[in-house]
Amino acid sequence: MPRLRRRDYALPADELAPRLLGHTLVRLLDGTRLAGVIVETEAYLGPEDRAAHSYNNRRTPRTEPMFGPAGTSYVYFTYGMHHCMNIAAAEVGVPQAVLIRALEPTEGLDTMRAHRATPRRPVAALRPADLCSGPAKLCQALAIDRSLTGLDLTASDQLWVEAPARDTTTGSGFLQIHTGTRIGVGYAGAWARRHLRYFLCGHPHVSSRRTGGRPWKPQGGGNPAGP
DNA sequence: ATGACGATTTACT
DNA sequence: GTAAATCGTCATA
């Protein structure tokens, strides 16, 4: 499938985040494709968004990629041991990004298992849902770390996003897109309560809270909204 | 130079 | 449900 181009990424983060659902994240590692379908994302809206690393336009070597062109990778290290991957949205100078929170792994599962294995959890014990069902898990499975921050995903030969066979924006023909509150941002006050998390409701590879939230742009016959 | 803190995961009670 | 693991980043001095 064709990779996304600049104009595909050049949207406000809260429009890009639901759009990416159903698309495939591809990591080429030593000639091997490691890939999965994006099933959960979160939007971070930049200067106004207290939950964002770029809150108040904080611009440092770490956050710099978010100020770059849409489609730039932003990978950060946190809790002394985990990496998380985002894709810059909006336009140059506007530090918005979409956090990739979960994938349904589709290619290179054996390599992913090897990356995720530990003495306590050997390869044989790992199930598909243990590989990419969280922002740090998928980075470990796909071997994504800070060396991959600041990449142009429209040109990189290591990391990119491919379009799905069909447009999944509305969720038609697939699981319905739901929204909910972002995870792990309780410190963000009112911004923590905004529905900026997007996921395929009930999908087994979503990180947590597989259900809940409310339908996004409900199609005909959708459930009534309510928090 | 120093200290506080994570856009998390895992194991354990 | 709670807690530990573990260190780069950032603000303050």
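Preceding this section is the structure that the text describes.
What comes next concerns the included structure. (Residues numbered from 1 in each chain as written. Chains lettered and ligands numbered in written order. Predicted model: local features only at pLDDT ≥ 70, side-chain atom pairs only at ≥ 80, totals over all residues. Heavy atoms only, no water.)

Observations regarding the protein's contact with DNA strand B
In the vicinity of DNA strand B, 23 residues are found, and the nearest of them are His53, Tyr76, Asn86, Arg116 and Tyr187. Considering DNA strand B, the proportion of its atoms within 4 Å of the protein that are sugar or phosphate atoms stands at 59%. Between His53 and DNA strand B, the recorded distance is 2.4 Å, taken from a side-chain N or O atom to a phosphate oxygen. A distance of 3.5 Å separates a base nitrogen of DNA strand B from a polar backbone atom of Tyr79. Of all the secondary structure elements, the ones that give two or more residues to the surface near DNA strand B are strand 3 (73–78), strand 4 (82–88), strand 5 (97–107) and helix 5 (135–141). Looking at the surface near DNA strand B residue by residue, the classes come out as 11 nonpolar, seven polar and five charged. (Near = heavy atom within 4 Å. Polar contact = N/O pair within 3.5 Å; in protein donor to acceptor, adjacent residues only side chain to side chain. Helix = DSSP H or I, 4+ residues; strand = E, 2+ residues; numbered from the N terminus. Nonpolar A, V, L, I, M, F, W, Y, C, P; charged D, E, K, R; others polar.)

What about the side chain of His195?
Looking at the element boundaries, His195 is found in strand 8 (residues 195–200). Among the polar contacts listed, one links the side chain of His195 to the side chain of Thr179, at a separation of 3.0 Å. Setting aside chain neighbours within four positions, we find His195 in contact with Thr179, Gly180, Thr181, Gly213 and Arg214. (Contact = heavy atoms within 4.5 Å.)

Some thoughts on helix 4 (residues 109–116)
Within helix 4 the residues assigned to the buried category are Leu109, Met112, Arg113 and Arg116. Taken around the axis of helix 4, the buried residues stretch over an arc of 100 degrees, which confines them to a single face. Buried residues in helix 4 make contact with strand 2 (32–44), strand 5 and helix 5. (Buried < 20%, exposed > 50% of the residue type's maximum accessible area, 1.4 Å probe, protein only. Arc of directions from axis to C-beta.)

What about the packing of aromatic side chains?
Going through the model one piece at a time under the given rule, you end up with two aromatic pairs. The interplanar angle of 90 degrees and the centroid separation of 6.5 Å between the aromatic rings of Tyr198 and Trp216 together place this pair among those described as edge-to-face. With Tyr198 in strand 8 and Trp216 in the segment after strand 9 (214–215), this pair connects stretches of sequence that are 18 residues apart. Relative accessible area serves as the criterion here: at 4%, Tyr198 is assigned to the buried category. (Phe/Tyr/Trp six-rings, centres within 6.5 Å; stacked < 30°, edge-to-face > 60°.)

Digging into helix 2 (residues 13–20)
Turning to helix 2, its buried residues number three or more, namely Ala13, Leu16, Ala17, Pro18 and Leu20. One or two steps after helix 2, the chain reaches Gly22, where phi turns positive at roughly 90 degrees.

Examining unusual backbone geometry
Phi is positive for Tyr79, close to 55 degrees, though the residue is something other than glycine. The exposed category is assigned to Tyr79, whose relative accessible area is 68%. At Ala143, a position not held by glycine, the phi torsion is positive, near 55 degrees. Tracing the backbone shows Ala143 in the loop between helix 5 and strand 6 (159–162). A relative accessible area of 23% places Ala143 in the partly exposed class.

Functional significance is not addressed by these values, which are geometric in nature.
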